[in-house]
Amino acid sequence: MRVVVVKSLEEMGKEAAAIIADGLRAKPHYVLGLATGSTPIPVYKELIRLHKEEDLDFSPTIIFNLDEYIGLPPTHEQSYRYFMDHELFNYVNIAKANTHVPDGMTEDIETHCMVYEATIEDVGGIDCQVLGIGNNGHIGFNEPGSSLASRTRAVHLTDETIQANSRFFPTLDEVPKRAITMGIGTILEAEKILMLATGAKKANAVAAALEGPVTVKCPASALQLHPDVTFVITEDAATGITLKFRS
Ligand code: PGA
């Protein structure tokens, strides 16, 4: 695993966006897995700048997002489809038909999840998956206790995650309690994984992911089983790391 420790959010955005841009430039129809949350916003800002100022071309790119709340329509400001449209897709030359976010309003969740997996497979798999990490070590909405071999499915959010997400909703009651998420097994099939973390609150989860045992208690620890993982993290999120990481 590679660990890049950066001094600022801006630097995190530039480091991670440069890795993504290299992929996009090297391979037509690059398949990019993306994440929502506060953490990747500087990366999306930098990708937009690269598109506008350095002609980074998204026209052949295919996107798969990690997750979506069950029960929120794409027009809801807290839905992850809305987030992606407003933080990235609307500002680059991507074909909307090539952007995939699980449908939180689907009437048949099981079939929808199977089709999501099959669509990823049909395009040859994900080239690079961007991840954030929850305070509890979740990746996507794979909460502690998720099978390390799990696939795209409906899950219940933990009280801790509901609490963490309540900062975006008027009341705790309005925070969705369920979501559709790619599984840990799905994530591990990506060719390359780019993990982002920032803030002291993430330090324990980052240390457990990198140095702890591989355990369902910290879903991100499953990344230790993947051959090509890069962590791009700010200094405050790196304080728990004791080892020197080599690929
Ligand atoms: P955050 O969320 O980027 O808003 O901290 C990350 C996560 O919960 O996966």
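Scroll up to find the structure this text is about.
Everything quoted here is computed from the prediction, not taken from an experiment.

Attention now goes to the overall build of the protein. Looking only at helices and strands, the protein has seven helices and ten strands in total. Its C-alpha atoms give the protein a radius of gyration of 17 Å, near enough to 18 Å, the size a compact globule of 247 residues would have. With the principal axes as the frame, the protein shows a C-alpha extent of 45 × 45 × 35 Å. Counting the 247 residues in the protein, one finds 53% classified as buried. In the protein, the share of contacts with a sequence separation of at least 24, taken over all contacts with a separation of at least 6, comes to 78%. If the 21 positive side-chain charges of the protein are averaged to one point and the 33 negative ones to another, these points end up 5 Å apart.

The subject of this paragraph is the site of the ligand. Taken together, Gly-37, Ser-38, Thr-39, Gly-132, Ile-133, Gly-134, His-138, Arg-167 and Lys-202 make up all the residues around the ligand. Contacts to the ligand include Arg-167, whose side-chain N or O atom sits 3.1 Å from an oxygen atom. With respect to the ligand, the side chain of Lys-202 contributes an N or O atom lying 2.6 Å from an oxygen atom. Computed on the free molecule, the ligand has an accessible area of 280 Å², of which 80% lies beneath the protein chains in the complex. In this structure the site holding the ligand corresponds to the largest pocket.

What follows concerns the state of the cysteines. Following the criterion strictly, the structure yields zero disulfides and no others. Cys-128 supplies the cysteine sulfur nearest to Cys-218, a cysteine that is in no disulfide, at a spacing of 20 Å. Exposure remark for Cys-218: the relative accessible area of 7% places this residue in the buried category.

As a further point, take the sheet that holds strand E8 (residues 178-181). Two orientations exist for strands paired in a sheet by backbone hydrogen bonds: parallel and antiparallel. Spatially, the three strands line up as an open sheet ordered E4-E8-E7, and their pairing is antiparallel. A strand with exactly one partner marks an edge of an open sheet, and here the two such strands are strand E4 (67-69) and strand E7 (153-156). With strand direction ignored, the average angle separating the axes of adjacent strands in the sheet is 30 degrees. Taken together, the three bridges between E4 and E8 define a ladder with antiparallel strand orientation. From the neighbouring strand, Asp-67 faces E8, where its bridge partner is Thr-181.

For the rest of this paragraph, the subject is the packing of aromatic side chains. Considering all chains together, one arrives at five aromatic pairs under this definition. Seen in terms of ring centroids, Tyr-69 and Phe-169 are 5.9 Å apart; in terms of plane orientation they differ by 80 degrees. Their pairing is edge-to-face. Here Phe-169 lies in the loop between helix H5 (159-165) and E8 and Tyr-69 lies in strand E4, a separation of 100 residues in the sequence. In this pair, the class of Tyr-69 matches that of Phe-169, namely buried. Linked through ring pairs, Tyr-69, Tyr-80, Phe-141 and Phe-169 together constitute an aromatic cluster.

Attention shifts here to the pairing of strand E6 (residues 128-131). A two-sided burial pattern is seen for E6, the buried positions comprising Cys-128 and Val-130 on one face and Gln-129 and Leu-131 on the other. When strand E2 (residues 31-34) meets E6, the two strands line up parallel, connected through two bridges. Looking across to E6, one finds that Leu-32 is bridged to Cys-128. As paired elements, E6 and strand E9 (residues 192-197) share four bridges and run parallel to each other. Within E9, the residue paired with Cys-128 across the bridge is Lys-192.

Calculation rules
Residues numbered from 1 in each chain as written. Predicted model: local features only at pLDDT ≥ 70, side-chain atom pairs only at ≥ 80, totals over all residues. Heavy atoms only, no water. Helix = DSSP H or I, 4+ residues; strand = E, 2+ residues; numbered from the N terminus. Rg over C-alpha atoms; globule rule 2.2 N^0.38 Å. Buried < 20%, exposed > 50% of the residue type's maximum accessible area, 1.4 Å probe, protein only. Contact = heavy atoms within 4.5 Å. Lys, Arg positive; Asp, Glu negative; His and termini not counted. Charge placed at Lys NZ, Arg CZ, Asp CG, Glu CD. Near = heavy atom within 4 Å. Polar contact = N/O pair within 3.5 Å; in protein donor to acceptor, adjacent residues only side chain to side chain. Areas by Shrake-Rupley, 256 points an atom, 1.4 Å probe, with all protein chains shown as cover. 1 Å grid on protein atoms, 1.4 Å probe; cavity = no way out; pocket = protein on both sides within 12 Å on 5 of 7 lines; lining within 4 Å. Sits in = over half its atoms within 2 Å of the grid points. Disulfide = S-S within 2.5 Å. Pairing = 2+ DSSP bridges. Axes fitted to C-alpha atoms, helices over the stretch in contact; angles between N-to-C directions. Phe/Tyr/Trp six-rings, centres within 6.5 Å; stacked < 30°, edge-to-face > 60°.

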